[in-house]
Amino acid sequence: ETTMIQVGLFGDTGMVGQEIERALKGHDRVGIAFRKNTKREEGDLNACDLVFLATRDPESMAFAPALLRAGKRVIDMSGAFRLPREQFEKWYHMEHKAPELLKEAVYGLPAYFKDQIAQARLVANPGCYPTSVILALRPLKGLVQGPATVVSTSGNSGARREVEERPNEIAYGYGMKHKHAPEMALYSGFRVSFTPIVLRSVFRGINTNIKVELADELKAIPEEEACERLGRRIEGSYQPEDLVFVVKDSEKGAQDELGWGTADVAETHRLLIKIGVDEGFAYLCSLEDNLGKGAASQAVENMNLVLGLPRLHGIGAVY
C-alpha cells in the first residue's frame, strides 16, 4: 500500500489556494493535512512534509522562515522569493523580511531548473505573466536582439474570482512599472517592456504577445525561413514533459476557426506558442491558463519534483 504524503496549504480560501486544492484532487500520492487562512486553521501541520504558501508577499515572508526551521519544504506562490533583495524592494515597494532565504530560493520553472527544484527547501513559483513570457522568449537568445515589447491579456481570475457581465478591458502598469517586468527580464535574458490588460468579463487564460527584433542573421533570410528557425529553436529547447508546443493557426486542432486561442489552453497544463515574422521583427503569441500552468498546476509539478515523484504525476487527472 502506498503511503500518502501529507502537505499543508496556507491561503486555502483564496483563488490560487482553491486552485491548488483542485489540482491535488487527482493526485493519488498526496493529501492535504493542514489548512490555514485569515479566519481559521485546521489539521495537523506537524504531519506535513511540504507546505504551499498561497499567500501575499508579506505573509509569505513571515511564514516561510518558521516553516523551514520546522523542517518543511515550502512552495511559495507570491513574489517574495523570485528576485534579489534590491530588485524586490524596488519593485514591490516593501522591505524584505527574510532576505537570508533569497540566495537559497529556487525559481520554480521546471523546464529550466528541475534539478535545482528537486533539491530545494524553498521554491519560488513563477508569476503567471512571466511564465508565458519566459518560456517563449528565453530559447531565442542569439536569434533575436534588443528589448522585447510585451502586451498580455488575462482573465479576471488573476485579480478576483468573479467575472463581470459588462465587458471592461483595463490596461495598467505600462512600460517598466509592473512588478513582473524584472522577473521576466531576469529569467528570459531580455529587457522587457510590459503592458498587462485585464479582461473583466473573462475568467481564465493568458494571451501574451511579444514583439522583438530579429538578429541580423535572420533578417538576411526569407521571412518564412526565419519563422521556421525560430520555431525549431523553441521546439528543440523543450522536452515532452515541459508541455510547451509550437503551433500554427493553419493547422487543425484549434477550437476556433481563426486559430489557436485561450480556449485551447484553459484548464490544461500546456503552453502554446505561435510565431510570426514581419519586416525584421519576430511576433510571438504565448497562450496558457493563468490558474494552471501559470500558478497551481505548475506548483504541483514543483511539488512532485521536490518529493521525488514523476514531474507530471496527478496533474493530468484535472488538467
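Residues numbered from 1 in each chain as written. Predicted model: local features only at pLDDT ≥ 70, side-chain atom pairs only at ≥ 80, totals over all residues. Heavy atoms only, no water.

Next up on the list: the nonpolar core. Of all hydrophobic cores here, the largest spans 65 residues; its most connected members are L24, F52, L137, L230 and M303. Ignoring any residue separated from it by four or fewer positions in sequence, one finds M303 in contact with V7, L24, H27, V30, L50, F52 and I75. If you look at the next biggest cluster of nonpolar residues, it comprises 23 residues, including L83, W91, A98 and A124. (Core = buried A, V, L, I, M, F, W, Y, C linked by side-chain atoms within 4.5 Å. Buried < 20%, exposed > 50% of the residue type's maximum accessible area, 1.4 Å probe, protein only. Contact = heavy atoms within 4.5 Å.)

All chains considered together, the criterion is met by one cavity of 30 Å³ or more. Together, L109, P110, A111, L135, D242, K293, Q298, E301 and R311 line the largest cavity. Breaking the lining of the largest cavity down by element, the ones donating at least two residues are α4 (110–119) and α9 (292–306). When residues in the lining of the largest cavity are grouped by element, the largest group, three residues, is from α9. The residue inventory of the lining of the largest cavity, partitioned by class, reads four nonpolar, one polar and four charged. (1 Å grid on protein atoms, 1.4 Å probe; cavity = no way out; pocket = protein on both sides within 12 Å on 5 of 7 lines; lining within 4 Å. Points joined across faces, edges and corners; volume = space filled by probe spheres on them. Helix = DSSP H or I, 4+ residues; strand = E, 2+ residues; numbered from the N terminus. Nonpolar A, V, L, I, M, F, W, Y, C, P; charged D, E, K, R; others polar.)

Turning next to helix α2 (residues 57–69). Taking 1.5 Å of rise per residue, the 13 residues of α2 would be expected to cover 18 Å, and the 19 Å separating its terminal C-alpha atoms lies within 8% of that figure. At F63, α2 is bent by approximately 25 degrees, the largest bend along its length, and proline P65 sits one to four residues beyond. The set of residues buried in α2 consists of D57, S60, M61, A64, P65, L67 and L68. In the core, the buried residues of α2 are packed alongside β1 (5–10), β4 (50–53), β5 (73–76), α3 (85–92) and β7 (122–124). (Expected span 1.5 Å × (residues − 1). Bend = angle between axes of the 7 residues up to and from the residue.)

Turning next to the sheet that holds β5. Note: strands within a sheet are paired through backbone hydrogen bonds, in either parallel or antiparallel orientation. On the basis of which strands lie adjacent, the open sheet formed by seven strands has the order β3-β2-β1-β4-β5-β7-β6 and mixed pairing. Edge positions in the open sheet fall to β3 (41–43) and β6 (106–107), since each of these has one partner strand only. Of the strand pairs in this sheet, β1 and strand β2 (residues 30–36) are connected by six bridges, and their pairing is parallel. When the sheet's bridge partners are listed, G8 is paired in β2 with F34. (Pairing = 2+ DSSP bridges.)

Considering all chains together, one arrives at nine aromatic pairs under this definition. Between F10 and F34, the ring centres sit 5.6 Å apart and the planes meet at 45 degrees, which makes this aromatic pair tilted. Linking F10 in strand β1 with F34 in strand β2, this pair joins segments that are 24 residues apart in sequence. Summarising the burial analysis for this pair, F10 and F34 share the class buried. Following the ring pairs from residue to residue traces out a cluster consisting of Y107, Y112, F113, Y187 and Y238. Just above the ring of Y319 sits the side chain of R22; from NZ or CZ to the centre is 5.5 Å. The ring of F190 is capped by K141, whose NZ or CZ atom sits 5.7 Å from the centre of that ring. (Phe/Tyr/Trp six-rings, centres within 6.5 Å; stacked < 30°, edge-to-face > 60°. Lys NZ or Arg CZ within 6 Å of the ring centre and 35° of its normal.)

If you trace the seven strands from one edge of the open sheet to the other, you get β9-β10-β8-β11-β14-β13-β12, paired in mixed fashion. What marks the edges here is a single partner per strand, and that holds for β9 (169–171) and β12 (244–246). Ignoring strand direction, the axes of neighbouring strands in this sheet form an average angle of 20 degrees. The pairing of β9 with strand β10 (residues 192–199) spans three bridges and is antiparallel. Directly across from I170, in β10, lies its bridge partner V198. Strands in contact with helix α8 (residues 223–236) are β8 (144–155), β11 (206–214), β12, β13 (271–278) and β14 (281–288); relative to β13, the strand with the most contacts, it is inclined by about 155 degrees. (Axes fitted to C-alpha atoms, helices over the stretch in contact; angles between N-to-C directions.)

Before going further, it helps to spend a moment on the packing of helix α1 (residues 15–24) against α9. Put simply, α1 and α9 touch, their axes get as near as 8 Å, and they point 55 degrees apart. The angle between α1 and α9 falls in the class oblique. The chirality of how α1 crosses α9 is right-handed. Residues E19, I20, A23 and L24 of α1 form the contact with α9, whose own contacting residues are A296, V300 and M303. The class makeup of the residues in the contact of α1 with α9 is six nonpolar, no polar and one charged. (Parallel < 35°, antiparallel > 145°, perpendicular 65-115°, else oblique. Left-handed = near helix turned anticlockwise from the far one by under 90°.)

The next thing to look at is the pairing of β2. Where burial is concerned, most of β2 is hidden: seven out of the seven residues are buried. This β-α-β element, β1 to α1 to β2, shows right-handed connectivity. Note: β2 against β3, three bridges, orientation antiparallel. Across the sheet, K36 pairs through a bridge with E41, a residue of β3. (Right-handed = clockwise from strand over helix to strand, strands pointing away.)

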